[in-house]
Amino acid sequence: MNRREFLTTTAKILAATATFGIFPDFAEAARKDKNKNSKEVTKVQKYELPQLESLIKFEDLGIGKVNLEFKEMDVREHTGAVVIHHAGLRRDVDIDVAAIHDMHLGNGWSGLGYHFIIHKNGFIEQGRPLEYVGAHAYANNLYTVGICLTGNYSLNLPPREQILAAEQLTAALCQKYNFEPSDTTIFGHRELCATDCPGNKFFPYLPEFIKNVAQVF
Ligand SMILES: [Zn+2]
């Protein structure tokens with residue numbers, strides 16, 4: 001609901017309350033809906049995400065591989081969802097896979113927590129080997145694949161090449177693991193944990209992102 005609709009609805013509710021002395025059911029429903037996610041933010045500018053033209057198989061995405069050494073990790077037994085992240089560093093800049101790996105080792109983890117890093121130019125790199133449990137969404141790692149877009153998307157929106165690559169990779173993972181793209185299989189990190197990730201500017205576009213992924217199925 002935008003501000004105008006909200007104000008109109010509020011006015012109707014007040015009128016109904018004054019007339020009938022009741023609080024109509026639809027108002028209660030609207031209120032619940034509005035409070036569902038207190039972290040909800042609105043789009044700050046009009047921006048249409050790039051649309052996928054076709055589904056590219058995972059093996060054909062041309063994913064880059066860096067030689068990273070990991071400590072012991074567990075194999076993930078079930079995969080049913082994808083979690084979208086941004087790197088969220090202080091400045092909105094691209095970052096090296098090896099640098100994130102070092103940071104995550106510094107956290108005491110087995111190494112890079114995300115399974116994929118997508119650079120601002122759309123180049124996808126492998127992070128933690130896909131078959132292992134990631135370290136990217138607390139309490140939700142056992143069934144999810146973590147994709148990180150380099151940059152800080154509370155400051156800006158991601159470049160189109162980067163979003164397109166993220167849509168392609170997400171679609172390929174849905175196909176590979178055989179789950180339907182929807183709002184119960186594609187999450188922004190903040191929907192699972194207390195964080196701003198994947199950024200206040202980017203997060204409002206997640207429904208459109210999911211729609212674009214779903215349309216090539
Ligand atoms: Zn995150």
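Residues numbered from 1 in each chain as written. Predicted model: local features only at pLDDT ≥ 70, side-chain atom pairs only at ≥ 80, totals over all residues.

Trainee: Is there a simple way to explain the overall build of the protein in this structure?
Mentor: Looking only at helices and strands, one finds 5 helices and 6 strands in the protein. Secondary structure of the protein in N-to-C order comes out as α-α-β-β-α-β-β-β-α-β-α. Buried positions account for 32% of the 217 residues belonging to the protein. Relative to all contacts within the protein whose residues are 6 or more apart in sequence, the contacts with residues 24 or more apart total 74%. (Helix = DSSP H or I, 4+ residues; strand = E, 2+ residues; numbered from the N terminus. Buried ≥ 20, exposed ≤ 12 C-beta atoms within 10 Å, placed from the backbone. Contact = placed C-beta atoms within 7 Å.)

Trainee: What should I look at first to understand the nonpolar core in this one?
Mentor: Side chains of a nonpolar character, in soluble globular proteins, are inclined to be buried together. By size, the foremost hydrophobic cluster in this structure holds 36 residues, and its most contacted members are Val82, Phe116, Ile118, Ile147, Ala166 and Leu169. Elements with a contribution of two residues or more to this core: β2 (81-86), α3 (97-106), β3 (116-118), β5 (144-149), α4 (160-177), β6 (186-188) and α5 (206-214). Ranked by residue count, the leading element in this core is α4, at 8 residues. Aside from chain neighbours lying at most four places away, what touches Leu169 is Leu61, Phe116, Ile118, Ile124 and Ile147. (Core = buried A, V, L, I, M, F, W, Y, C linked by C-beta atoms within 7 Å.)

Trainee: Whenever I open this one, unusual backbone geometry confuses me. Can you help?
Mentor: With an omega of 5°, the peptide bond between Cys197 and Pro198 qualifies as cis. Within the secondary structure, Pro198 is located in the loop between β6 and α5. Look at Ala139: it is not a glycine, yet its phi comes out positive at around 70°. Examined against the element boundaries, Ala139 turns out to sit in the loop between β4 (124-126) and β5. Phi angles above zero are rare outside glycine, and Asn178 is one such case at about 60°. Note that Asn178 resides in the loop between α4 and β6.

Trainee: Sorry, what's going on with α4 here?
Mentor: An α-helical turn contains 3.6 residues, so a residue and the one three or four places further along point in the same direction. Over its 18 residues, α4 runs 26 Å from end to end, which matches the ideal 26 Å to within 8%, given 1.5 Å per residue. Taken together, the buried positions of α4 are Gln162, Ile163, Ala165, Ala166, Glu167, Gln168, Leu169, Thr170, Ala171, Ala172, Leu173 and Cys174. On the buried face of α4, the contacting elements are β2, β3, β4, β5, β6 and α5. Count one or two residues on from α4 and you reach Asn178, which has phi positive near 60°. (Expected span 1.5 Å × (residues − 1).)

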